[in-house]
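Structural features, examined
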Amino acid sequence: MRLLLLGGNGQVGRELRRSLAPLGQLVVATRDGVGADAAADFDVPGSLPALVERVAADVVVNAAAYTAVDRAESDPEAAFRTNAESPAALAHACAARGALLVHYSTDYVFDGTSTRPYREDDPTAPLGVYGTSKLAGEEAIRASGARHAILRTAWVYAAHGHNFLRTMLRLAAERDELRVVADQVGAPTPAGWIADATAMMLRQGIDASGTWHLVADGATSWHGFASAIMQDAVASGRLPRAPRVVPIATADYPTPARRPAYSVLDTTRLRQGFGIVPPEWREGLRTTLRELPTA
């Protein structure tokens, strides 16, 4: 099997380099091609089909995305180029050669008003440009005729890159008090597990196109996540002491983009179709903390 991984330097992409390598011949592409086998510029969607053809990919795994949620509000064209137009170009290239496209999407396609975990077929209603661009990417893939697996995930973090975990640990070493939003609820999900689950799905074989939710089990708020980070970091010796973590409302931390207040995703379809059981979010945190480089 020949696999083309796009976005190989991102949080999930870096983990996919590890998890996909045993499945076949893996070609890794990044925006500039540095530290990879090829360059893939998502600002130029029309350049991507030639890469798919050149690699002669059987499976294309797209982990590239425009994820600057707030910046997207003032630069929608860039968000749509990367999150909608580029996936559409990839999907048409995959359809032309019969390749499978694995594409990551987001909880931001929902508006956060649900009172139970969102299922794959629940109505979408994104609140901002980022979610709208990701939904447009999903719809373009479905309309392309390509074999596809759209994997929605949420609250992604890792032992590397820019993410909530690493930001909280940095601030904890600098401050005595952290003020963290307590009225947004979701499931913190490790990039390493997302990559492992993706490889498991590919190993089993994705027989029919569809959408699956790929998130850790359980739910917490950003404040709850931050508090758990502090507790576990102190317990593991990564922090000498924990700062106070003060809960605040979303209204106290205004941002250009609105966030869904509730974005827990239902993973029943993943469990039933592939036998993949997501880790409880707190266990995922402990695993990721163990992977952090020591100072």
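We now turn to the structure provided with this report.

Procedures and definitions
- Residues numbered from 1 in each chain as written.
- Predicted model: local features only at pLDDT ≥ 70, side-chain atom pairs only at ≥ 80, totals over all residues.
- Heavy atoms only, no water.
- Helix = DSSP H or I, 4+ residues; strand = E, 2+ residues; numbered from the N terminus.
- Salt bridge = Lys/Arg side-chain N within 4 Å of Asp/Glu carboxyl O.
- Contact = heavy atoms within 4.5 Å.
- 1 Å grid on protein atoms, 1.4 Å probe; cavity = no way out; pocket = protein on both sides within 12 Å on 5 of 7 lines; lining within 4 Å.
- Points joined across faces, edges and corners; volume = space filled by probe spheres on them.
- Nonpolar A, V, L, I, M, F, W, Y, C, P; charged D, E, K, R; others polar.
- Expected span 1.5 Å × (residues − 1).
- Buried < 20%, exposed > 50% of the residue type's maximum accessible area, 1.4 Å probe, protein only.
- Phe/Tyr/Trp six-rings, centres within 6.5 Å; stacked < 30°, edge-to-face > 60°.
- Lys NZ or Arg CZ within 6 Å of the ring centre and 35° of its normal.
- Axes fitted to C-alpha atoms, helices over the stretch in contact; angles between N-to-C directions.
- Left-handed = near helix turned anticlockwise from the far one by under 90°.
- Pairing = 2+ DSSP bridges.

This part is about unusual backbone geometry. Positive phi is not limited to glycine here, since Ala-56 has a value of about 55°. Mapped onto the elements, Ala-56 comes out in the loop between α2 (48-55) and β4 (59-62). Backbone geometry at Trp-155 places phi at a positive 50°, although glycine is not the residue there. Along the chain, Trp-155 falls in the loop between β6 (147-153) and β7 (156-157).

Bringing the pattern of salt bridges into the picture now. Pairs can form between side chains of opposite charge whenever their charged atoms are close. On inspection of all chains with the given rule, the structure shows 18 salt bridges. Notably, a salt bridge pairs Asp-217 with Arg-271, separated by 3.2 Å at the nearest N-O pair. Separated by 54 residues along the polypeptide, Asp-217 in the loop between β11 (210-213) and β12 (220-221) and Arg-271 in helix α9 (residues 268-274) bring together distant segments of the chain. Among the salt bridges present, the one from Glu-283 reaches Arg-286, with a minimum N-O distance of 3.7 Å. Placement of both Glu-283 and Arg-286 in helix α10 (residues 281-291) is noted, with a separation of three residues, approximately one turn of the helix.

Here we take up the environment of Phe-274. Within the secondary structure, Phe-274 sits in helix α9. Each C-alpha atom of the pair Phe-274 and Phe-42 lies 31 Å from the other, and the pair is 232 residues apart in sequence. Residues contacting Phe-274, with those up to four places away along its chain left out, are Met-201, Gln-204, Gly-205, Ile-206, Trp-212 and Arg-269.

Moving on, we get to empty space enclosed by the protein. A complete count under the given rule lists one cavity of 30 Å³ or more for this structure. The volume enclosed by the largest cavity comes to roughly 60 Å³. What lines the largest cavity is simply Val-69, Glu-73, Tyr-108, Pro-126, Leu-127, Gly-128, Val-129, Tyr-130, Gly-131, Ala-257, Arg-258 and Pro-260. Per element, the largest residue contribution to the lining of the largest cavity is three residues, and it comes from helix α5 (residues 129-144). Residues of the lining of the largest cavity, tallied by class, amount to eight nonpolar, two polar and two charged.

Another aspect to go through is helix α7 (residues 191-204). Three- or four-residue spacings in an α-helix give side chains the same orientation, since the helix completes a turn every 3.6 residues. The terminal C-alpha atoms of α7 lie 20 Å apart, and with 14 residues this matches the ideal 20 Å at 1.5 Å per residue to within 8%. Where burial is concerned, most of α7 is hidden: ten out of the 14 residues are buried. Three or more residues of α7 are buried, namely Ala-191, Gly-192, Trp-193, Ile-194, Ala-195, Ala-197, Thr-198, Ala-199, Met-201 and Leu-202. With its phi angle positive at about 100°, Gly-205 sits one or two positions after the end of α7.

Another point: the packing of aromatic side chains. Considering all chains together, one arrives at nine aromatic pairs under this definition. Residues Phe-110 and Tyr-118 carry aromatic rings whose centres are separated by 4.1 Å and whose planes lie at 10° to one another, so their mutual orientation is stacked. Comparing Phe-110 with Tyr-118, the two get one shared label, buried. Taken together, Trp-155, Tyr-157, Phe-164, Trp-222, Phe-225 and Trp-281 form an aromatic cluster joined through their ring pairs. We note Arg-269 situated over the ring of Trp-212; from NZ or CZ to the ring centre the distance is 4.6 Å.

Below, the discussion takes up the packing of α2 against helix α4 (residues 76-97). A pair of packed helices is characterised by two quantities: the angle between their axes and the separation of those axes. Taken N-terminus to C-terminus, the directions of α2 and α4 make an angle of 35°; their axes are 8 Å apart at the nearest point. Helix-helix and strand crossings are classified by hand; for α2 and α4 the assignment is right-handed. Facing α2, whose interface residues are Leu-48, Pro-49, Val-52 and Glu-53, α4 presents Ser-86, Ala-89, Leu-90, Ala-93 and Arg-97. A class-by-class count of the residues in the contact of α2 with α4 yields six nonpolar, one polar and two charged.

Spatial ordering of the open sheet is given by β3-β2-β1-β4-β5-β6-β11, a layout of seven strands whose pairing is parallel. Each end of this open sheet is capped by a strand with a single partner; those strands are β3 (38-39) and β11. Sheet topology places β4 next to strand β5 (residues 100-106); four bridges connect them, and they run parallel. Following the sheet pairing, Val-60 is matched in β5 by Leu-101. Sitting on the sheet, α7 is in contact with β1 (2-6), β4, β5, β6 and β11, with an inclination near 150° to β5.

In short, the description is geometric, and any link to function would need to be established separately.
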